[in-house]
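Reading the structure
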Amino acid sequence: HVELQGFFFFFVRCFFLCVLIDILVNNAGRSQRAWWESVAIEVDREILELNVLSVLSLTRCVLPHMIERKDGHVVTMSSIAGKVGMYKYVLIVVL
């Protein structure tokens, strides 16, 4: 996806400019509040791309260099909203 490619190119630019990333903070997320029957599969895909795949992609870009340097931290923020449920109502929050 376009956004994930953007993350990769940002990391490559930082790497070639000799910018060392000491801490990666994954703090992105989107929720969807709607009746289950009205949620399109495209919405699910968009949410998964942002909430899950962006975290995996950024971490995969940065982690090998942190391991090589034997230094660095990865922090992933989350939301309690992903644990809340309501009858016939979908609240999709992964982060």
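Structure: above.
Report on the accompanying structure. (Residues numbered from 1 in each chain as written. Predicted model: local features only at pLDDT ≥ 70, side-chain atom pairs only at ≥ 80, totals over all residues. Heavy atoms only, no water.)

**What to know about the overall build of the protein**
- Counting its regular elements, the protein contains two helices and four strands.
- For the protein, the N- to C-terminal ordering of α and β elements is α-β-β-α-β-β.
- Looking at the protein alone, contacts between residues at least 24 apart form 70% of all its contacts between residues at least 6 apart.
- Of the roughly 7,000 Å² of accessible surface on the protein, a fraction of 64% belongs to carbon and sulfur atoms. (Helix = DSSP H or I, 4+ residues; strand = E, 2+ residues; numbered from the N terminus. Contact = heavy atoms within 4.5 Å. Areas by Shrake-Rupley, 256 points an atom, 1.4 Å probe, with all protein chains shown as cover.)

**A short note on helix H2 (residues 41-69)**
- Helix length check: H2, at 29 residues, gives a terminal C-alpha distance of 41 Å against a target of 42 Å (1.5 Å per residue), a fit within 8%.
- The sharpest bend along H2 comes to roughly 40 degrees, located at Leu53.
- Of the positions making up H2, those classed as buried are Val43, Asp44, Ile47, Asn51, Ser54, Val55, Leu58, Thr59, Cys61, Val62 and Met66. (Expected span 1.5 Å × (residues − 1). Bend = angle between axes of the 7 residues up to and from the residue. Buried < 20%, exposed > 50% of the residue type's maximum accessible area, 1.4 Å probe, protein only.)

**A few points about the environment of Leu48**
- Secondary-structure assignment places Leu48 in helix H2.
- As for Leu48 and Gly29, which are separated by 19 residues in sequence, their C-alpha atoms are 9.3 Å apart.

**So, the pattern of salt bridges**
- Counted according to the given criterion, the structure contains two salt bridges.
- Asp22 is the salt-bridge partner of Arg69, the closest N and O atoms lying 2.9 Å from each other. Taken as a pair, Arg69 in helix H2 and Asp22 in the loop between helix H1 (2-16) and strand S1 (23-26) lie far apart in primary sequence, 47 residues in all.
- Taking relative accessible area as the criterion, Arg69 reaches 28% and is therefore assigned partly exposed.
- A salt bridge links Arg69 to Asp71; the nearest nitrogen and oxygen atoms lie 4.0 Å apart.
- Overlapping salt bridges bring together Asp22, Arg69 and Asp71 as one network. (Salt bridge = Lys/Arg side-chain N within 4 Å of Asp/Glu carboxyl O.)

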